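# Chains, contacts and geometry: an overview
Here's the letter readout for the chains.
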Amino acid sequence: MGSSNCAPEESTRLITLLGISKTPFEWFALVLGPVIYFAFLFAPLGGTITQQGGLGIIAWSAWWWGTGCLPTGYVMAVPILGTAFLPGMKFGPVLQTLIHPGIGMILGPALIVCMWSRWGFTRRMALFCLSKVGTSVRAQAVTWLLLSASISFFVANVVIAIAMTPIALEMLKAVGYDTASKLRKSKECMLIVIAIGIGASVGGFLTPMAGGQAVITWTQLSEALGFQVSMISFTVTMFVPVILSLIPVAILFGCIFPVDIKSFAGSTDFFKQQLRELGPLTKSEIWGIVIFLLAIALPFLMPVWRPYLPESLDINPSLIFTCVTVILAILPAPDQGAPVKPFPYQPNERLLSFNAIKILPVQAFLIWPTAMSISLLVNMTGTTTLLAQVIDGFWNLEPYTGTGLFTLFCGVLGNAASDTGAAGMIAPILAKATLESGVNPVPWLLMMGYTVNFAFMVPSATGTMALPIALEGKASWRLPVYGFFCSVACCLVSWAFWGTVLARNWTFFMTLS
């Protein structure tokens, strides 16, 4: 939080208090966070102080994340500080919300990718992308966008953010952007890093395995319909809207968002030569690839191998990733890896050693448990009661009016509370309200999950976690700005698509049998 967080040319405008140096805007943003919270606490919203405090915690967290007035991981203090002023909230249960059982799904893939960087595989992948795509800034941005989106169709979007960002960083290092400060100042670097995060988020709703918001939506659909919705029917139904949402985002990154230079330094031949100098894949790199694919495949193949294990065993994806990382910490590295590595090789080093763990951007990964905590606290504070009053009756309005208001609500809440957090809040009350009203819950639940997925403005969404990973836990104003335009474009697509589905009664998108 010192002066190193700010650009050198801004150092003369820093204000130092209690040994902490910040710009005037950063101090203003820092103080305004709790002010926003107390404004919600005492606003005439028709709820109790505790219910309105839940909304205040969401707004306070979103403001600090969006403005980047302090390292992103520090926002973890907001749920604790916010609930301290709310009647009926106890410290023990609040603290427990920060320890989420799914943390293995986040930490496991992250450590595997750190292992990739340790043995040189991320640099190899970066040079490969540069040699194939070329040095055009916009071509690189669109390529990373589409690549992240395509892979996140079938792999959790947070995993894609964790896996793809270090590869892109190695590419940017190869063209001279080797520090977080240089990345933050460069429009070109920010364009590519944000493209990865938003691409991973956009693709995170094609299958129930693609993101937390997709899992929540799929689970709630199965409960509301009384049978387990097949993943194939879910994917077939969502294919068209997901592809439609990719189109305006690709146009924004390929044509609209600003850049200072058209191409990065260097030539395609130069990067091909550097790639050749790395030599063939080493055994350590191959082990890293195989184990990553195994860790991803095991959860998907659970229906195949789970029946052969005792039913009493609690096997879940989080446990699988945790076990895989423990095994990596035991297995010795078979060789020294590729020639270019961040740390010198140590005799008898393990595949997942302390040298690999040192690469982990800890600040960035404190975001996810904070977002999950906020989602749980909203239920604990009773804030869902206020949310239920907001969405009640949208389905009784004219189709385009009802879907327009609902997509606006989902888009705003998603960008404040994160995609997974917003889905966790809305899905249960939406399913109950539609069923009690005699309305088909399928299009409304799908519309909800699809729209909160466009949480592009804050780094707490699982895909946009790419930015704090790249910036060593810090934020950039470009994410909320670029994210705003991408979110507006995608929400307009959602409004037009689901409004047309209901207006024209397109039953293909309204049933999941």
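Structure: above.
The text that follows walks through the structure, step by step, so that each part is easy to find. (Residues numbered from 1 in each chain as written. Predicted model: local features only at pLDDT ≥ 70, side-chain atom pairs only at ≥ 80, totals over all residues. Heavy atoms only, no water.)

With that out of the way, let us pick up unusual backbone geometry. Residue Asn-348 is not a glycine yet carries a positive backbone phi of 65 degrees. Counting through the fold element by element, Asn-348 comes out in the loop between α16 (317-330) and α17 (354-357). Judged by relative accessible area, which is 67%, Asn-348 ranks as exposed. Positive phi outside glycine occurs at Asn-505, with the angle close to 55 degrees. Topologically, Asn-505 is positioned in the segment after α25 (478-503). Of the residues examined, Asn-505 reaches a relative accessible area of 49% and is grouped as partly exposed. (Helix = DSSP H or I, 4+ residues; strand = E, 2+ residues; numbered from the N terminus. Buried < 20%, exposed > 50% of the residue type's maximum accessible area, 1.4 Å probe, protein only.)

Before going further, it helps to spend a moment on the environment of Ser-245. Inspection of the secondary structure assignment puts Ser-245 in helix α12 (residues 231-256). In sequence terms Ser-245 and Val-202 are 43 residues apart; their C-alpha atoms lie 7.2 Å from each other.

Taking 1.5 Å of rise per residue, the 13 residues of helix α6 (residues 121-133) would be expected to cover 18 Å, and the 18 Å separating its terminal C-alpha atoms lies within 8% of that figure. When α6 is considered as a whole, its buried residues turn out to be Phe-121, Thr-122, Arg-123, Arg-124, Ala-126, Leu-127, Cys-129, Leu-130 and Ser-131. (Expected span 1.5 Å × (residues − 1).)

Our focus in this paragraph is the pattern of salt bridges. Tallied over the full model, the rule gives four salt bridges. With its nearest N and O atoms 2.7 Å apart, the salt bridge here joins Glu-349 to Arg-118. Taken together, the residues Glu-349 in the loop between α16 and α17 and Arg-118 in helix α5 (residues 103-119) connect sequence positions 231 residues apart. Its relative accessible area of 4% is what places Glu-349 among the buried residues. What makes Arg-118 buried here is its relative accessible area of 0%. (Salt bridge = Lys/Arg side-chain N within 4 Å of Asp/Glu carboxyl O.)

The first and last C-alpha atoms of helix α10 (residues 187-202) sit 22 Å apart over 16 residues, in line with the 22 Å expected at 1.5 Å per residue. Summarising burial for α10: 15 of the 16 residues are buried, a large majority.

Right, let's get into a nonpolar patch on the surface. Taken together, Tyr-400, Trp-477, Val-481, Phe-484, Phe-485, Val-488, Leu-492 and Trp-495 make up a surface patch of nonpolar side chains, about 750 Å² in accessible area. With six residues, the single largest contributor to the nonpolar patch is α25. In this structure Leu-492 comes out as partly exposed when scored by relative accessible area, which is 46%. (Patch = residues over 30% accessible without salt bridge, like charges linked within 9 Å, V, L, I, M, F, W, Y side chains within 5 Å. Areas by Shrake-Rupley, 256 points an atom, 1.4 Å probe, with all protein chains shown as cover.)

Our focus in this paragraph is the nonpolar core. Counting residues in hydrophobic clusters, the biggest one holds 155 residues, and the most contacted among them are Phe-253, Phe-406, Ile-426 and Met-448. Take this core: its biggest share by element is 12 residues, from helix α8 (residues 157-174). (Core = buried A, V, L, I, M, F, W, Y, C linked by side-chain atoms within 4.5 Å.)

To continue, consider the packing of aromatic side chains. For the structure on display, the rule yields 23 aromatic pairs. The interplanar angle of 75 degrees and the centroid separation of 6.1 Å between the aromatic rings of Tyr-177 and Phe-264 together place this pair among those described as edge-to-face. Of this pair, Tyr-177 sits in the loop between α8 and α9 (180-185) while Phe-264 sits in the loop between α12 and α13 (268-277), placing them 87 residues apart in sequence. By the burial criterion, Tyr-177 is buried, and Phe-264 matches it. An aromatic cluster is built from Tyr-450, Phe-454, Phe-456, Phe-497, Trp-498, Trp-506, Phe-508 and Phe-509, whose rings are joined through pairwise contacts. One cation-aromatic arrangement involves Arg-118 over Trp-119; the distance from NZ or CZ to the ring centre is 4.7 Å. (Phe/Tyr/Trp six-rings, centres within 6.5 Å; stacked < 30°, edge-to-face > 60°. Lys NZ or Arg CZ within 6 Å of the ring centre and 35° of its normal.)

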